[in-house]
Amino acid sequence: DAQGMNAAVRAVVRMGIYVGADVYFVYEGYEGLVGGSEFLKLADWDSVSNIIQLGGTIIGSARCKSFRTREGRQAAAYNLVNHGINNLCVIGGDGSLTGANIFRTEWSDLLASLVEEGKITEEVSQQFSHLNIVGMVGSIDNDFCGTDMTIGTDSALHRIMEVIDAITTTAQSHQRTFVLEVMGRHCGYLALVSALASGADWLFIPEAPPEDGWEDFMCKRLGESRSRGSRLNIIILAEGAIDRQGNPISSNYVKELVSKRLGFDTRVTVLGHVQRGGTPSAFDRILSSKMGMEAVLTLLDASSETSSCVVSLSGNQALRLPLMECVQLTKDVQKAMNEKRFDEAIVLRGRSFENNWNIYKLLAHQKPALTKSNFNFAIVNIGAPAAGMNAAVRSAVRVGLSAGHTVYTVSDGLEGFAAGQIKEVNWRDVGGWTGQGGSLLGTKRTLPEKCMEPLVKQIRSYRIHAILIIGGFEAFVAALQLTEGRGRFEELCIPMCVIPATISNNVPGTDFSLGCDTAVNAAMETCDRIKQSASGTKRRVFIVETMGGYCGYLASATALTVGADAAYIYEDPINIHDLTANVEHLTGKMKTTIQRGLVLRNEKCHQHYTTEFLYNLYSAEGKGVFDCRTNVLGHMQQGGAPTPFDRNFGTKLGVKAVQWLTEKLMESYRKGQVFANSPETACVLGMNRKALVFRPVTELKAETDFEHRMPKEQWWLRVRPLLKMLAKYQTRFDNYITGKIEHVNRRSLSVESGF
């Protein structure tokens, strides 16, 4: 099982019912398919109420030996036909999905055998002449080629990072070394991303066994780390770790090695099935909900000529991938590892895996720069704090130092810059920053127009040749003002890069801002508790207010993760008729078995329809059916430790930004000075689908609504019909973009340049 499966089940059931289909639960996996009627139950809308926050799967899962035989598959075919089913949605790993494809390939022969045995008629055989299959990959290992993320992976990373954060505090107190063993018998994704997100000292993954003699090298590294003042060492090991000869490397072996050679107090923690448990993360709930809807649409489009597909996401876009192409590449990875072609195995894992591996090697240990450059660059945070900022600063500092630059950090935003609060930093200064929330540098909302001349004076004084700005909408505006000031001040003719970091996700030029994943998880966890608080009480509706300014991303994403009944945002205008329909809809639901309702409101969704107004409206109209409560989430959405996604995302953005700044510095260095005044030298670094792209701030100006502080076009508005459908509203999917078939091959897995 994997966290998020229930969200997928919920989406498939409700989308299926929405399009007019009968949807059946098959309990206990293929065992239930073979077992028959007692395992196949017709689902209704309420069957999947209040399950989105549950881990595991409510319909059970089991390995089935009998389904591997033709007799078992024939029994399964009979049971499906007997219930009028010829569309099958399978949530599982590559074994389950391969079995489903074999089942589909044999379908005609299985029906012919059933006709021959007199179990079904020829007419029934013709009616169910073909079986449509769609797959969703549920596996915490993220070991299925072709997909960015599988259901459950992000939640497993949450469990791992919670343990690492807890262990780090005790390890520092006692100056201990910890060896953490995580799941991943054949795939090192969990270990790799955990190591990247925690800054682990050493990493063992099956795709990249250490070189011979690694014991000496590792002990030397750990000793050097302690001699530089570190009070702890973290070693992360995938359970399938091996050496170059294919021999297993166990956590106990590593522990004994460190204890005997270095004399360090060393402990082992094996996480085991903790990683599979717990509530799904926000990412997994949204991923599963989108994939569930896309799975139903895929089945509706399927015919006897179309191949079996798995549905996935690429960035924020749904995809349909040929099932057996993905399965074959997944098998190719294992074959490459068995044949000790480890470099090829890493490439076959996909560009994300290879990028993560290269970045980990770049940042894990200090490497002296081959030559000292003549360049100085400054890092500054602008705007409100957001989780992940510190991870971006850490990676930017270390990549800058590795390139031979002098790196300065600026305290308290542009106010601090203008006041000379500028400090040169070294490798150790940013150790342990990845897991820290907020902004350790300090941040202010002050814009350059308020302090332009003293700011330019400090740039001249410290000979700053490039600026990395990390922040929200103010950071974008600041970069725009600095770029427009190039005509007045030659000192501003230097490369500048903005890393978007804000919980509001309202910066132009990117689909996702650093910090918004942590904020959605914080809001989601609070809403889960709010819903649970009404258990066993009378029927109750909660009105919850989120942050985000005029941008409704935070409210919409949170609503999708908690199964909210409505989410009011500025971009989707509401009137009194909409509110009346919402109240009547919720009142009707509350007269059934439903006991809780949840309505989210973005803080600036409407000038007059305030949280208090909505509370009074729902209280008055629901009188006698339900009572009402309000909750303003406030600044708790900005706090807390960054999620694994934001730690990893911030680290990647910091690396990419400094590599780009270095490239621009080299291009614009003439006669002993830097001169960069073209639009392409002042950019926002953003995620577009799943690629990191640089867009000039002057180009993005035309795409920005400055009055409401957000982009004019926002991709996530296309997901809102899904939110309304899951809440049982009739809605239109005119703007929803269905997934396109994309073939998976070695070329499509090629690494993104720049890491």
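See the structure shown above.
Given the structure is predicted, the values throughout are model-derived calculations rather than measurements.

> Kindly report on the overall build of the chain, identifying the contributing residues and their values.
Per the secondary structure count, the chain includes 24 helices and 26 strands. Taken over C-alpha atoms, the radius of gyration comes to 27 Å for the chain, in line with the 27 Å a tight globule of 755 residues would show. By principal-axis analysis of the C-alpha atoms, the chain measures approximately 90 × 70 × 50 Å. Burial analysis of the chain (755 residues in total) assigns 59% to the buried set.

> Could you give an account of the sheet that holds strand S26 (residues 740-741), with specific residues and numbers?
Sheets are built from strands that pair by backbone hydrogen bonding, the pairs being arranged parallel or antiparallel. Strand order in the open sheet made by the five strands is S3-S4-S9-S10-S26, with mixed pairing throughout. Since the sheet does not close on itself, it has two edges, and those belong to strand S3 (87-92) and S26, each with one partner. Where S3 meets strand S4 (residues 132-137), six bridges bridge the pair, whose relative direction is parallel. Within S4, the residue paired with Val-90 across the bridge is Gly-135. Each of S3 and S4 touches helix H1 (residues 5-18); the most contacted strand, S3, lies at about 165° to it.

> Break down unusual backbone geometry for me, citing the residues and quoting the values.
The residue Asp-412 is not glycine, and still its phi comes out positive at about 60°. If you trace the backbone, Asp-412 turns up in the loop between strand S12 (406-410) and helix H15 (413-418). In this structure, Lys-671 is a non-glycine residue whose phi angle is positive, near 50°. In this fold, Lys-671 is placed in the loop between strand S20 (669-670) and strand S21 (673-674). Residue Lys-671 is classed as exposed on the basis of its relative accessible area, which comes to 89%.

> Requested: an account of the environment of Gly-388, with residues and values cited.
You can see Gly-388 is positioned in the loop between strand S11 (376-382) and helix H14 (389-402). Along the backbone, Gly-388 and Leu-480 are 92 residues apart, and their C-alpha atoms lie at a distance of 23 Å. Every residue in contact with Gly-388, bar those within four places of it in the chain, is listed here: Leu-514, Pro-642, Asp-646 and Gly-650.

> Report on the packing of aromatic side chains, specifying residues and quantitative values.
Taken as a whole and judged by the stated rule, the model has 22 aromatic pairs. Aromatic pair Trp-357 and Tyr-360: ring centres 6.5 Å apart, planes at 20°, arrangement stacked. Residue Trp-357 and its partner Tyr-360 are both found in helix H13 (residues 351-363); the two are separated by three residues, about one turn of the helix. Judged by centre distance (6.1 Å) and plane angle (70°), the rings of Phe-473 and Phe-706 are edge-to-face. Placement of the pair is Phe-473 in helix H17 (residues 473-484) and Phe-706 in the loop between strand S24 (704-705) and strand S25 (710-711), with a sequence separation of 233 residues. Of the residues examined, Phe-706 reaches a relative accessible area of 34% and is grouped as partly exposed. One aromatic cluster is present, built from ring pairs that chain together Trp-202, Phe-204, Trp-214, Phe-217 and Tyr-253. Here the basic side chain of Arg-226 rests over the ring of Phe-264, its NZ or CZ set 4.2 Å away from the ring centre.

> Report on a positive patch on the surface, specifying residues and quantitative values.
Where like charges cluster on the molecular surface, the positive patch consists of Arg-63, Lys-65, Arg-68 and Arg-185. The topology assignment puts Arg-68 in the loop between strand S2 (40-42) and helix H3 (70-82). Arg-68 sits in the exposed class, given a relative accessible area of 64%.

> Could you give an account of helix H20 (residues 576-590), naming the residues involved and the relevant values?
Over its 15 residues, H20 runs 21 Å from end to end, which matches the ideal 21 Å to within 8%, given 1.5 Å per residue. Among the residues of H20, those classed as buried are Leu-579, Asn-582, Val-583, His-585, Leu-586, Thr-587, Lys-589 and Met-590. Structurally, H20 contributes buried residues whose contacts are with strand S16 (540-546), strand S17 (566-568), strand S18 (596-602) and helix H21 (611-621). Where H20 begins, one side-chain oxygen reaches toward the backbone nitrogen of His-577, 2.9 Å away; that side chain belongs to Asn-575.

> Could you give me a rundown of the packing of helix H6 (residues 153-174) against helix H7 (residues 189-198), with the residues and numbers involved?
Orientation of H6 relative to H7, taken along the N-to-C sense of each, is 50°, at an axis distance of 10 Å. One element, H6, and the other, H7, form an angle in the oblique class. Helix-helix and strand crossings are classified by hand; for H6 and H7 the assignment is right-handed. Residue-level contacts link Thr-153, Ala-156, Leu-157, Ile-160, Met-161 and Ile-164 of H6 to Tyr-189, Leu-190, Val-193, Ser-194, Ala-197 and Ser-198 of H7. Of the residues that constitute the contact of H6 with H7, the class distribution is nine nonpolar, three polar and no charged.

> Quick one: what's the story with H1, residue by residue and with numbers?
Taking 1.5 Å per residue as the helical rise, H1 with its 14 residues ought to reach 20 Å, and the 20 Å between its terminal C-alpha atoms agrees with that figure. Within H1, twelve of the 14 residues are buried, which leaves the element mostly enclosed by the surrounding structure. Taken together, the buried positions of H1 are occupied by Met-5, Asn-6, Ala-7, Ala-8, Val-9, Arg-10, Ala-11, Val-12, Val-13, Arg-14, Met-15 and Gly-16. Buried-residue contacts for H1 involve strand S1 (24-26), S3, S4, helix H10 (282-301) and helix H24 (720-726). Gly-20 sits one or two residues past H1 and shows a positive phi near 95°.

> I'd like a rundown of the pattern of salt bridges, residues and numbers included.
Pairing between side chains becomes possible if they bear opposite charge and their charged atoms approach one another. Scanning the entire structure with this criterion turns up 28 salt bridges. We note a salt bridge from Arg-647 to Asp-165, for which the minimum N-O separation is 2.7 Å. Taken together, the positions of Arg-647 in helix H22 (residues 644-668) and Asp-165 in helix H6 put the pair 482 residues apart, joining distant regions of the chain. We classify Asp-165 as partly exposed; its relative accessible area is 27%. Asp-627 serves as the salt-bridge partner of Arg-540, at 3.1 Å between the closest nitrogen and oxygen. Of this pair, Arg-540 sits in strand S16 while Asp-627 sits in strand S19 (residues 627-632); the two residues are 87 residues apart in sequence, bridging distant segments of the chain. What makes Arg-540 buried here is its relative accessible area of 14%. The class for Asp-627 is buried, based on a relative accessible area of 15%.

> Residue-level account of the sheet that holds strand S14 (residues 466-471), with values.
The strand order S13-S12-S11-S14-S15-S22-S23 describes an open sheet built from seven strands, whose pairing is mixed. The sheet is open, and its two borders are formed by strand S13 (422-424) and strand S23 (691-696), each paired with just one other strand. The sheet shows a mean angle of 25° between the axes of neighbouring strands, direction not considered. Looking at chain direction, S14 and strand S15 (residues 496-500) are connected through five bridges and run parallel. Note that in S15 the partner of Ile-467 across the bridge is Met-496. Across the sheet, H14 lies against S11, S12, S14 and S15, angled at about 180° from S11, the strand it touches most.

Definitions and limits used
Residues numbered from 1 in each chain as written. Predicted model: local features only at pLDDT ≥ 70, side-chain atom pairs only at ≥ 80, totals over all residues. Heavy atoms only, no water. Helix = DSSP H or I, 4+ residues; strand = E, 2+ residues; numbered from the N terminus. Rg over C-alpha atoms; globule rule 2.2 N^0.38 Å. Buried < 20%, exposed > 50% of the residue type's maximum accessible area, 1.4 Å probe, protein only. Pairing = 2+ DSSP bridges. Contact = heavy atoms within 4.5 Å. Axes fitted to C-alpha atoms, helices over the stretch in contact; angles between N-to-C directions. Phe/Tyr/Trp six-rings, centres within 6.5 Å; stacked < 30°, edge-to-face > 60°. Lys NZ or Arg CZ within 6 Å of the ring centre and 35° of its normal. Patch = residues over 30% accessible without salt bridge, like charges linked within 9 Å, V, L, I, M, F, W, Y side chains within 5 Å. Areas by Shrake-Rupley, 256 points an atom, 1.4 Å probe, with all protein chains shown as cover. Salt bridge = Lys/Arg side-chain N within 4 Å of Asp/Glu carboxyl O. Lys, Arg positive; Asp, Glu negative; His and termini not counted. Charge placed at Lys NZ, Arg CZ, Asp CG, Glu CD. Expected span 1.5 Å × (residues − 1). Polar contact = N/O pair within 3.5 Å; in protein donor to acceptor, adjacent residues only side chain to side chain. Parallel < 35°, antiparallel > 145°, perpendicular 65-115°, else oblique. Left-handed = near helix turned anticlockwise from the far one by under 90°. Nonpolar A, V, L, I, M, F, W, Y, C, P; charged D, E, K, R; others polar.

Read these as spatial facts, not as claims about activity.
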